[in-house]
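# Architecture at a glance
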Amino acid sequence: MSNRLAREDWIHEGLRLLREAGVDSVRVEPLAKRLGVTKGSFYWHFADRPALLSALCDAWRERSTVGVAARVEAEGGTPRDRLERLFRLTASADGRLERAMRAWAAHDPAAQAVVAGVDERRIAYLVARFTEIGCDADTALARARFGYLALIGQFTRQEADSNGNWLSDSLDRMLPLLLT
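Residue positions within a chain follow its written sequence, with the count starting from 1. Local features in this predicted model are restricted to residues of pLDDT 70 or higher, and side-chain atom pairs are both shown and tallied only at a pLDDT of 80 or more, whereas totals for entire chains, interfaces and linings draw on every residue. With hydrogens and water set aside, each side-chain value is computed from the structure's full complement of heavy atoms.

### Observations concerning the overall build of the chain
To qualify as a helix, a DSSP run of H or I must reach at least 4 residues; to qualify as a strand, a run of E must reach at least 2; elements of each kind are numbered from the N terminus. Of the regular secondary structure elements, the chain holds nine helices and zero strands. In sequence order, the secondary structure elements of the chain are arranged as α-α-α-α-α-α-α-α-α. With the C-alpha coordinates of the chain rotated into their principal frame, the extents come out at 55 × 30 × 30 Å. Only protein chains enter the area calculation, which uses a 1.4 Å probe; residues under 20% of their type maximum are buried, those over 50% are exposed, and those in between are partly exposed. A total of 180 residues make up the chain; the buried ones form 42% of that total. Contacts between residues were defined by any pair of non-hydrogen atoms, one from each residue, lying within 4.5 Å. Contacts in the chain between residues at least 24 apart in sequence constitute 66% of all its contacts with a sequence separation of at least 6. The accessible surface values rely on the Shrake-Rupley method and a 1.4 Å probe; as for residues, cover is taken only from the protein chains in view. Roughly 9800 Å² of accessible area belongs to the chain as shown, and the carbon and sulfur atoms make up 54% of that amount. Working convention for charge: Lys and Arg count positive, Asp and Glu count negative, and His plus the chain ends are omitted. To locate a charge, take NZ of a lysine, CZ of an arginine, CG of an aspartate or CD of a glutamate. The centroid of the 26 positive side-chain charges in the chain is displaced by 3 Å from the centroid of its 25 negative side-chain charges.

Listed below in structure tokens is the structure:
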């Protein structure tokens, strides 16, 4: 790897390390070693570790929420098509970074605020789609929360269950219940 790294290189590798080993492992020296550079390269892009951690939160929020919604919307289709695509896409996701962010948020108020904001934004997206398929406001919110909790539960369960993706396996039965 070139000794000239962009800020995004540090963020990308930081997210990988976070996903693999948790926030406590995201430290300047191990990242520099993984990237094959000195710590000086890090300080060119970040004031300190908290600045990197903040950038990781921003990147996770952007990629896992804004990016996913943009991908779903770009493929078009009816609101029902977009909801189904979103659930299938999300249910098939790896989940390790989602788990790592939630584990971090369990003991860090700043990360907790980021995760709470992401949860609100994701649920708002779901509510809007459920409203578009004809649900009243209360039903749209209930379905959004139920579907979202199933997705988050899938990520938690993946860690404990190596027998496959139970949510993906159940989507063909669950989606008609949510989308009618």
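### Points about helix α2 (residues 28–35)
Among the residues of α2, those classed as buried are Val-28, Leu-31, Ala-32 and Leu-35. Considered in projection along α2, the buried side chains sweep an arc of 100° and stay on one side of the axis. In α2, the exposed residues that point more than 90 degrees away from the buried face are Glu-29 and Lys-33. Looking at the buried positions of α2, the neighbouring elements they touch are α1 (7–21), α3 (39–45) and α4 (49–74). Think of the arc as the fan of directions from the helix axis to the C-beta atoms.

### A short note on the packing of aromatic side chains
Aromatic pairs are defined between Phe, Tyr and Trp rings, using the six-membered ring for Trp, whenever the two ring centres lie within 6.5 Å; interplanar angles under 30 degrees are classed as stacked, those over 60 as edge-to-face, and all others as tilted. Across all of its chains, the model carries three aromatic pairs by this definition. Between Trp-10 and Phe-42 the ring centres are 5.4 Å apart and the planes differ by 75°, which places this aromatic pair in the edge-to-face class. Here Trp-10 is found in helix α1, whereas its partner Phe-42 is found in helix α3, with 32 residues between them in sequence. Taking the relative accessible area as the measure of exposure, Trp-10 reaches 0% and is therefore buried. A centroid spacing of 5.2 Å and a plane angle of 25° characterise the contact between Phe-42 and Phe-46, whose relative ring orientation is stacked. Here the aromatic residues Trp-10, Phe-42, Tyr-43 and Phe-46 are joined through ring pairs into a cluster of three or more.

### Here's the deal with the packing of helix α5 (residues 79–91) against helix α7 (residues 109–132)
Angular values range over 0 to 180 degrees, each being the angle between N-to-C directions of two axes fitted as lines to C-alpha atoms, with helices fitted over their stretch in contact. Relative orientation of the contacting elements α5 and α7 amounts to 145°, with a least axis distance of 8 Å. For the crossing formed where α5 meets α7, the hand is left-handed. For the pair α5 and α7, contact is made by Pro-79, Arg-82, Leu-83, Leu-86 and Phe-87 and by Tyr-125, Leu-126, Arg-129, Phe-130 and Glu-132, respectively. Polar here means any residue other than Ala, Val, Leu, Ile, Met, Phe, Trp, Tyr, Cys and Pro, which are nonpolar, and Asp, Glu, Lys and Arg, which are charged; Gly is therefore polar. Here the contact of α5 with α7 is built from residues that sort into seven nonpolar, no polar and three charged. Left-handed is the label given to a crossing in which the near helix is rotated counterclockwise from the far helix by less than a right angle, and right-handed is the label when the rotation is clockwise.

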